[in-house]
Amino acid sequence: MKKFRLRRAIVMAVLPLLLASQGHAQDFPPKKPVTLVVGFAAGGAADAAARLIAKKLGENIGQTVVVDNRGGAGGNIAHQQVAAGPADGSMLLFGSIGPLTIAPHVMKVPYEPFKDLAAVSGGVNFPNVLVVHKGLGVKNLAEFVALSKKKPGSVDFASTGAGSASHLAGELFNQRAGIDMVHVPYKGGAPALQDLLGERIASYFSAPPTALPHVESGRLIPLATTGLVRPAYMPNIPTVAESGYPGFEALNWYAFVAPSKTPAALLDRWNTEIVKVLNDAGVKDALNKHGLTPQPTSRAELTAFMKKEDVKWSAIVRERKITAN
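How each quantity is defined
- Residues numbered from 1 in each chain as written.
- Predicted model: local features only at pLDDT ≥ 70, side-chain atom pairs only at ≥ 80, totals over all residues.
- Heavy atoms only, no water.
- Core = buried A, V, L, I, M, F, W, Y, C linked by side-chain atoms within 4.5 Å.
- Buried < 20%, exposed > 50% of the residue type's maximum accessible area, 1.4 Å probe, protein only.
- Helix = DSSP H or I, 4+ residues; strand = E, 2+ residues; numbered from the N terminus.
- Contact = heavy atoms within 4.5 Å.
- Polar contact = N/O pair within 3.5 Å; in protein donor to acceptor, adjacent residues only side chain to side chain.
- Pairing = 2+ DSSP bridges.
- Axes fitted to C-alpha atoms, helices over the stretch in contact; angles between N-to-C directions.
- Arc of directions from axis to C-beta.

**Student:** Provide a residue-level description of the nonpolar core, including the pertinent values.
**Tutor:** Core analysis: the largest hydrophobic core is formed by 47 residues, its most contacted members being L141, F144, F173, M181, L223, Y245 and W313. Here this core gets 6 residues from one element, more than from any other, and that element is helix α7 (residues 165-177). The residues touching L141, leaving out its near neighbours within four places in the chain, are L130, F173, L223, A224, V240, S243 and Y245. Counting residues in each nonpolar core, the second largest holds 31 residues, with A49, L57, Y254 and F256 among its members.

Take a look at the structure:
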């Protein structure tokens, strides 16, 4: 009986401390600064979206959300940083298709997306647009494919790096069209576009905001976009899917993830806040003006989506024998 009373006394003494510790670990918003890590340099599409969302998030929760640009290695550096980051709800990552579902199949990366990072919510997505220079002499996708088949291995395409979304879009098109475009990786969109404009490369699966000014000036010819539907800002450009390749889809997407050991209660709270922001009319309008489509999801929906993308792109990597070299 005395032992029972002793154990009960110990439990009653320790329990408040445990509950207080748990409550502190799950404070929302966190009592320390909140950081939203972006794996790309300031000024790009990812950075623009992250800053729009972070600003509104901060307003809603009453605390500043700081955007931390950690560029390098196609976004892998940022993903590694967050995978090893604090799991107290103070760090989020604006993760992207490449590091989350492509790079791990192309190269050795120091993190495991589905083990080290936890899904929070979808973010934004946008298609690529396949553009060619005027000197190539093609005006539509059918002519581009015909030229590629007439001269196998002589038509090349630029990307923002091995294992990037633009690279895999080209490889998926190689597979579906039965052609053999030669991949030429660049260290970013700017040098790829520069060589395309200089007619040193034949084609490029470009982010629309990068290519559109040159399409409008007549220097580049748009052949098709890579989503299932035409974007509102490119209504006259057909999709690859409607140009003879049903079901073709190769979207760029960004999603919110966090260190995997972050308590589920905090992940759920962040999901609620992020979905609220992405459904905000002002935020949606601002993102659409950047050519970005909001993609709010539940945590389970994002996990299922990422796994589907992982299966899809790992199969293309294997089939096309893609490596980082």
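Moving on, there is more to tell.
**Student:** Explain helix α11 (residues 281-289) to me, and be specific about the residues and the numbers.
**Tutor:** Capping of α11 at its N-terminal end is provided by D280; its side-chain oxygen lies 3.0 Å from the backbone amide nitrogen of G282. Count one or two residues on from α11 and you reach G291, which has phi positive near 80°.

**Student:** With reference to specific residues and values, describe the sheet that holds strand β7 (residues 182-185).
**Tutor:** Within the open sheet, the 5 strands sit side by side as β7-β6-β8-β5-β9. Their pairing is mixed. Whereas interior strands pair on both sides, the edge strands pair on one side only; in this sheet they are β7 and β9 (220-225). Each strand of the sheet is rotated relative to its neighbour by a mean of 30°, with strand direction disregarded. Here strand β6 (residues 156-159) runs beside strand β8 (residues 203-206); their pairing, made up of 2 bridges, is parallel. Each bridged residue has a counterpart across the sheet, and for A158 the counterpart in β8 is Y204. In this fold α7 packs onto β6, β7 and β8, with an angle of close to 150° to the strand it touches most, β6.

**Student:** I'd like a rundown of the side chain of S121, residues and numbers included.
**Tutor:** For S121, the location among the structural elements is in strand β4 (residues 117-127). A polar contact of 3.5 Å, which involves the side chain of S121, links it to the backbone oxygen of T297. Excluding residues that lie within four positions of it along the chain, S121 makes contacts with A255, F256, N271, I274, V275, L278, P296, T297 and L302.

**Student:** Help me get a handle on the environment of T297, residues and values and all.
**Tutor:** Note on placement: T297 falls in the loop between β11 (293-294) and α12 (299-320). Counting along the chain gives 87 residues from T297 to T210, while the straight-line C-alpha distance between them is 27 Å. Among residues more than four places away in sequence, those in contact with T297 are V120, S121, G122, N271, V275 and L302. Side-chain polar atoms of T297 contact the backbone nitrogen of G122, separated by 2.9 Å.

**Student:** Tell me about helix α3 (residues 76-83), residues and numbers included.
**Tutor:** Turning to α3, its buried residues are N76, A78, H79 and V82. The buried residues of α3 all sit within an arc of 160° when viewed along its axis, so they share a single face. Considering only its buried residues, α3 is in contact with β1 (34-38), β3 (91-96), α4 (97-106), β4 and β10 (251-259).

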